[in-house]
Amino acid sequence: MTMLSVDNLAVTRGGLAVLEGLSFGLDAGHALVLRGPNGIGKTTLLRTLAGLQPALHGSISMPPESMAYAGHSDGLKSTLTVTENLDFWASVYGTDSIEGALDRMNLRGLTERPAMSLSAGQKRRLGLARLLVTGRPVWVLDEPTVSLDAASVALFADAVRAHLAQGGAALMATHIDLGIPEAAILDLAPFKAKPPEQGGISGAFDEAFI
Ligand SMILES: Nc1ncnc2c1ncn2[C@@H]1O[C@H](COP(=O)(O)OP(=O)(O)OP(=O)(O)O)[C@@H](O)[C@H]1O
């Protein structure tokens, strides 16, 4: 079953096209890793897919309320404890248990700690645990392993694999090897938008008088 379908998509940042002509699908049980150098437009694409900014053109289709997005900001409530943060998200998404997420992201020893007192990697683990309590099938993740040590990257990879085995899907931008060899790779370099033509503005200006 196709969970996410992108057709001839163009995305923009700061009013300029960044990527264009992008088409791909993501099926249940599959992971896709976005690759490309700094500034190519990975974050812009993921934000567009998450509905945080409009596409320039093209289409994005997925079942309603199927996506859980984790961007660069952790989205944590800093004064709430680890348990309270996850309980909050479980209530927002209408899921019933945070126990599996606490175990899977190795947060058992931290449950009563306010989020603001966690280390960067611990915060990241809590942010990823949030994905698990959303119950949403399509994970859209922007550099999910930033701040994670090798053991936590492995925990994350296990969580993604378990998610895929349950019929979920994951789209992830990353610069590192996640240790998920079954994930397909999408290199964004061929989709880099062409810079505007020299004189394009005056051309458009001329056209206005034709
Ligand atoms: N707020 C902004 N306003 C205008 N342009 C921006 C803004 N943020 C990013 N850009 C530009 O948009 C382009 C795409 O940036 P984006 O963050 O999507 O790239 P990325 O592939 O995620 O990069 P990285 O690997 O460094 O995270 C870059 O050229 C960047 O300079």
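Cut-off values and rules
- Residues numbered from 1 in each chain as written.
- Predicted model: local features only at pLDDT ≥ 70, side-chain atom pairs only at ≥ 80, totals over all residues.
- Pairing = 2+ DSSP bridges.
- Helix = DSSP H or I, 4+ residues; strand = E, 2+ residues; numbered from the N terminus.
- Axes fitted to C-alpha atoms, helices over the stretch in contact; angles between N-to-C directions.
- Contact = placed C-beta atoms within 7 Å.
- Near = placed C-beta within 6 Å.
- Nonpolar A, V, L, I, M, F, W, Y, C, P; charged D, E, K, R; others polar.
- Parallel < 35°, antiparallel > 145°, perpendicular 65-115°, else oblique.
- Left-handed = near helix turned anticlockwise from the far one by under 90°.
- pLDDT = per-residue confidence, 0-100.
- Buried ≥ 20, exposed ≤ 12 C-beta atoms within 10 Å, placed from the backbone.

1. Here's the deal with the sheet that holds strand S5 (residues 67-70)
Here is step 1 of the chain: Strand order in the open sheet made by the 5 strands is S5-S6-S7-S3-S8, with parallel pairing throughout. Across the chains shown, the open sheet's two edge strands, defined by having one partner strand only, are S5 and strand S8 (184-187). Strand-to-strand twist in this sheet, taken as the mean axis angle between neighbours without regard to direction, amounts to 15 degrees.
Here is step 2 of the chain: As defined by bridge partners, strand S6 (residues 138-142) adjoins strand S7 (residues 169-173) across 5 bridges and the pair is classed as parallel. Looking across to S7, one finds that Val138 is bridged to Ala169.
Here is step 3 of the chain: Its contacts with the sheet place helix H1 (residues 42-49) against strand S3 (31-35), S6 and S7, and it is angled at close to 150 degrees to S6.
Here is step 4 of the chain: The strands touched by helix H4 (residues 120-134) are S5 and S6; relative to S5, the strand with the most contacts, the crossing angle is about 175 degrees.

2. Quick word on unusual backbone geometry
Here is step 1 of the chain: Of note in this structure, Asn8 is not a glycine but carries a positive phi near 50 degrees.
Here is step 2 of the chain: Note that Asn8 resides in strand S1 (residues 2-13).
Here is step 3 of the chain: You will see that Asn106, though not glycine, has its phi angle at about 55 degrees, which is positive.
Here is step 4 of the chain: Among the structural elements, Asn106 can be located in the loop between helix H3 (99-104) and H4.

3. What about the site of the ligand?
Here is step 1 of the chain: As a matter of local geometry, the ligand sits amid Arg13, Gly14, Val18, Gly36, Asn38, Gly39, Ile40, Gly41, Lys42, Thr43 and Thr44.
Here is step 2 of the chain: Broken down by element, the shell around the ligand gets its largest block of residues, 3 residues, from H1.
Here is step 3 of the chain: Along the lines of polarity and charge, the residues of the shell around the ligand split into 2 nonpolar, 7 polar and 2 charged.

4. Some points on the packing of helix H2 (residues 82-93) against H4
Here is step 1 of the chain: Running from N to C, H2 and H4 point in directions that differ by 30 degrees, and their axes come no closer than 9 Å. As judged from the angle between their axes, H2 and H4 are roughly parallel. Crossing geometry of H2 relative to H4 is assigned as right-handed. When H2 is examined against H4, the residues Val82, Asn85, Leu86, Trp89, Ala90 and Tyr93 are found in contact with a partner set consisting of Leu126, Ala129, Arg130, Val133 and Thr134.
Here is step 2 of the chain: Class assignment for the residues of the contact of H2 with H4 results in 8 nonpolar, 2 polar and 1 charged.

5. A word on the confidence of the model for the protein
Here is step 1 of the chain: Summary statistics for the protein give a mean pLDDT of 93 and a share of 93% for residues scoring 70 or more.
Here is step 2 of the chain: Listed scores for the predicted complex are pTM 0.91 and ipTM 0.95.

6. Observations regarding the pairing of strand S4 (residues 57-61)
Here is step 1 of the chain: With 0 of 5 residues buried, S4 is to be regarded as a mostly surface element.
Here is step 2 of the chain: Taken together, the 4 bridges between S1 and S4 define a ladder with antiparallel strand orientation. Opposite Ala10, over in S4, you have His57 as the bridge partner.

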